[in-house]
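A look at the structure
Listed here are the chains, written in short residue letters.
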Amino acid sequence: MRFRAKIVDLACLNHFSRIINTIAKLAKTCILRLTVCKLYFILSDKVANGGASMWCELSQGNFFDEFQMEGVAAEHNEIYLELVPENLSRALKTAQNAKAVKIKLTNKHCPCLSVAVELPSLSSSSRIVTHDIPVGVIPRRMWNDFREPSVPDFDVSIYLPALKTMKSVVERMKNLSNFIVIEANLSGEMNLKIETDLVSVTTHFKDLGNPPWASEDGCQSSAQGRDLGSMAEACIDIKKLQQLLAGQQVNPTKALCNIVRKRIVHFILLHEEVSLQYFIPAVA
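In short, a report on the structure. Note that the structure is predicted; figures quoted are calculated from it, not measured. (Residues numbered from 1 in each chain as written. Predicted model: local features only at pLDDT ≥ 70, side-chain atom pairs only at ≥ 80, totals over all residues. Heavy atoms only, no water.)

Further remarks concern helix H3 (residues 163-174). Helix length check: H3 (twelve residues) gives 16 Å between terminal C-alpha atoms against 16 Å at 1.5 Å per residue, within 8%. Buried within H3 we find Leu163, Met166, Val169, Val170 and Met173. Down the axis of H3, the buried set is contained in an arc of 125°. They therefore lie on one face. Set apart from the buried face of H3 by more than 90 degrees, the exposed residues are Lys164 and Arg172. Where the residues of H3 are buried, they touch strand S12 (179-184), strand S13 (190-195), strand S14 (200-205), helix H4 (238-246), strand S16 (254-260) and strand S17 (264-271). (Helix = DSSP H or I, 4+ residues; strand = E, 2+ residues; numbered from the N terminus. Expected span 1.5 Å × (residues − 1). Buried < 20%, exposed > 50% of the residue type's maximum accessible area, 1.4 Å probe, protein only. Arc of directions from axis to C-beta. Contact = heavy atoms within 4.5 Å.)

Structurally, Val8 is set in the loop between strand S1 (2-7) and helix H1 (10-26). The exposure class assigned to Val8 is partly exposed, which follows from its relative accessible area of 41%. Taking the C-alpha atoms as reference points, Val8 and Ser200, separated by 192 residues in sequence, lie 52 Å from one another.

Grouped together as the largest cluster of nonpolar side chains are 76 residues, with contacts concentrated most on Phe3, Phe16, Met54, Leu113, Leu192, Leu241 and Phe267. Element by element, the count of residues in this core is highest for H1, at six residues. In this view, Leu113 contacts Phe3, Leu32, Leu81, Leu83, Ile103, Lys104, Leu105, His131, Asp132, Ile133 and Val135; residues no more than four positions away in its chain are not counted. Core analysis: the second largest hydrophobic core is formed by eight residues, Ile31, Tyr80, Ile138 and Trp143 among them. (Core = buried A, V, L, I, M, F, W, Y, C linked by side-chain atoms within 4.5 Å.)

Tallied over the entire structure, the rule returns eleven salt bridges. Its salt-bridge partner being Arg2, residue Glu70 comes within 3.1 Å of it at the nearest N-O pair. Of the two residues, Glu70 is situated in strand S5 (residues 66-70) and Arg2 in strand S1; the sequence distance between them amounts to 68 residues. Look at Glu70 and you get partly exposed, because its relative accessible area is 40%. The exposure class of Arg2 is exposed, given its relative accessible area of 54%. For Glu233, the salt bridge identified is with Lys262, shortest N-O distance 3.8 Å. Of this pair, Glu233 sits in strand S15 (residues 232-237) while Lys262 sits in the loop between S16 and S17; the two residues are 29 residues apart in sequence, bridging distant segments of the chain. (Salt bridge = Lys/Arg side-chain N within 4 Å of Asp/Glu carboxyl O.)

What follows is the structure in C-alpha cells.
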C-alpha cells in the first residue's frame, strides 16, 4: 500500500487548502478514500441516529502535479484512511506561499500522512517543514460502510439563494431556536422559518429556480401532475445548517437542496472539479 502526491501550482494548493478547511468545519474525523483518479472525504454518521453525513469528491488531476498510489490489492486498488481533517488543514496553513507540497503515506511509530512543505528561502537550499498526521488504515472488510450515500427520492429540488445571504439569516435565527424549518416548492420559492412559543419568524426567497433532473428512469419525474405551489418541508437542527454555511470556502458555482418531506434535507455544492454533498436528517 503506497501513496505519494505533489502540488506545485500555488492556485491549486490554495484551492485544495480551502476545501480541507471546509471539511474540517463539518467533520471532526472523516475517511479519506484514495483511488487512482479521485479523492473522497467521507463522513458517515448514521443519519438514522440523527447525525449528518458528508460526501466530498475531487479529481486528483485538477490539484496534483504528481499522484501515485498502490491500493491494498490489484483488484481493490484503493486506500481508506481515517484522519482528523483539522490536522491536515493546519499543516496546509503553513504552505500558503510554498514552492511545493508533498503528501506521502508513511509509517513512523504509526501510519501517518506526512505533509512536507517546501518553503522559499533566501539561500540556494530550501527549507522543508514536515507535518506527520496520524491516520488509521481502514481494513478492506469495512469499506462498504463508506459507500456513496444514495440520493433519496425527493419531493422538491431547488437552487439555493446566495449562501452569504442564507448564512446571515440562519445566524440571526440561531439565537432564537435550535431548529429551523426549510420548505420549498416547484415554483422556485423557499422559506426558512422558526417557530417557538414566543416568536415566529419566516424569511421568504423566490425566483430561485428548480433544477431539471433527468427523468429517464422515471423516479425523479414525480413532479408531473403535482401541485407546483405546494411546499415540502423538513425541520432540521439549525446548528448543522449553520456549520455547513459558516464553513463554506468552496464558493460553489451551483448550490442546491433536495427535500424529502419530514425526512431529510440533502445539500449539493458544486464547484468545477469538486462536489460536496451534505445530508441533514429531519427531527420529528
